[in-house]
Amino acid sequence: MENKFEIAGIRRPAQEETLPRRKKDRDRPFLSMVVLAVIVCGCLACELIMTKDPTYLDLQNYNIMPGREFLFGTDTMGRDIFSMIWYGGRISLLIGAASALISTAVAIVYGAASGCAPAWLDALMMRLAEILLSVPGLLSVVMLQAALGEASVLSISFATGITSWMSMAKIVRSEVRQLRNSEYVIASKCMGGGFRHVLRKHLIPAFMPAIMFMAVMNVRNGIVAESTLSFMGIGLPVEVITWGSMLSLAEKALSSNSWWIILIPGFFLVATLCCITNIGDYVRRLMHPQSVRKSL
């Protein structure tokens, strides 16, 4: 008779192993991805779906309610809102993406330099980042935009990106301090690799998942900043069509009881921000699976 031995211990059930994956698939924001993809594709291919010239001032058809000819109605200057939504969305999305790219690049360089610097310089750089972080973001954007002069797509993207890198830089600094004594980093330095080589080949691939969520959320912050500045009257000129400049006509729309001038651009703006937020939250949970296990 053969003796069968079995190793005693805690064995994780098969159902428990597959549960996080099933929950992850179930929580995937398919609706947000589809809606955001439709909005982005519509903005990029706006020439194919526009029914009117978005910059044409049709003074004979101003404040027209949504109908067969004007699907989303017209604004106080007679411009077709349906065409303006898709045409102006490109600039709003461009500002969001450009500001996120600027803030991510500054955060990576600053955080990596702080993480590799001596202790006294690291403490000084982090105190500077914390001081800048204590200033309200919108106030910083307004002050910097006022210093830059006339608003443009480039100036708003720069003002938004250069004032929203501090939190990301602190995360990059923490990751770099954990990785700088790794064997492969030390080996790369011993073989003559400089700061840029180590940062590009070893550090960025290691800490990029940790900051991916904040990079996605900075796209949302850029769109919100542009809309807020335009609503306050210090953003892009009215002739430059964006979702924010369309909402800047809210006072005239309310006085003329033209609800569609505010509701439709606001709906597209809120829908885009909600989709980006949901996708960013999913990226955070995907990069940090331990948070998913704790929620089970």
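Attention in this report is confined to the structure presented alongside it. (Residues numbered from 1 in each chain as written. Predicted model: local features only at pLDDT ≥ 70, side-chain atom pairs only at ≥ 80, totals over all residues. Heavy atoms only, no water.)

1. With respect to the overall build of the chain
Part 1 of the argument: When you go through the chain residue by residue, the secondary structure sums to 14 helices and 0 strands.
Part 2 of the argument: Along its sequence from the N terminus, the chain presents helices and strands in the succession α-α-α-α-α-α-α-α-α-α-α-α-α-α.
Part 3 of the argument: Counting only residues that meet the buried cut, the chain has 39% of its 296 residues in that class.
Part 4 of the argument: A separation of at least 24 residues holds for 69% of the contacts in the chain among residues at least 6 apart in sequence. (Helix = DSSP H or I, 4+ residues; strand = E, 2+ residues; numbered from the N terminus. Buried < 20%, exposed > 50% of the residue type's maximum accessible area, 1.4 Å probe, protein only. Contact = heavy atoms within 4.5 Å.)

2. Re the pattern of salt bridges
Oppositely charged side chains can pair when the atoms bearing their charge come close.
Part 1 of the argument: Scanning the model with the defined rule gives 7 salt bridges in all.
Part 2 of the argument: Where Glu-47 meets Arg-90, a salt bridge forms, and the shortest distance between an N and an O atom there is 3.2 Å. Within this pair, whereas Glu-47 is found in helix α3 (residues 46-49), its partner Arg-90 is found in helix α4 (residues 81-116), the two being separated by 43 residues in sequence.
Part 3 of the argument: One salt-bridge network, in which partners are shared between bridges, spans Asp-122, Arg-173 and Arg-177. (Salt bridge = Lys/Arg side-chain N within 4 Å of Asp/Glu carboxyl O.)

3. Observations concerning the packing of α4 against helix α5 (residues 119-134)
Part 1 of the argument: The N-to-C vectors of α4 and α5 enclose an angle of 145°; their axes lie 8 Å apart at closest approach. You can see that α4 and α5 cross each other, and the crossing is left-handed. Each of Tyr-110, Ala-113, Ser-114 and Gly-115 in α4 lies in contact with α5, whose residues at this interface are Asp-122, Met-125, Met-126, Leu-128 and Ala-129.
Part 2 of the argument: In the contact of α4 with α5, the residues fall into 6 nonpolar, 2 polar and 1 charged. (Axes fitted to C-alpha atoms, helices over the stretch in contact; angles between N-to-C directions. Left-handed = near helix turned anticlockwise from the far one by under 90°. Nonpolar A, V, L, I, M, F, W, Y, C, P; charged D, E, K, R; others polar.)

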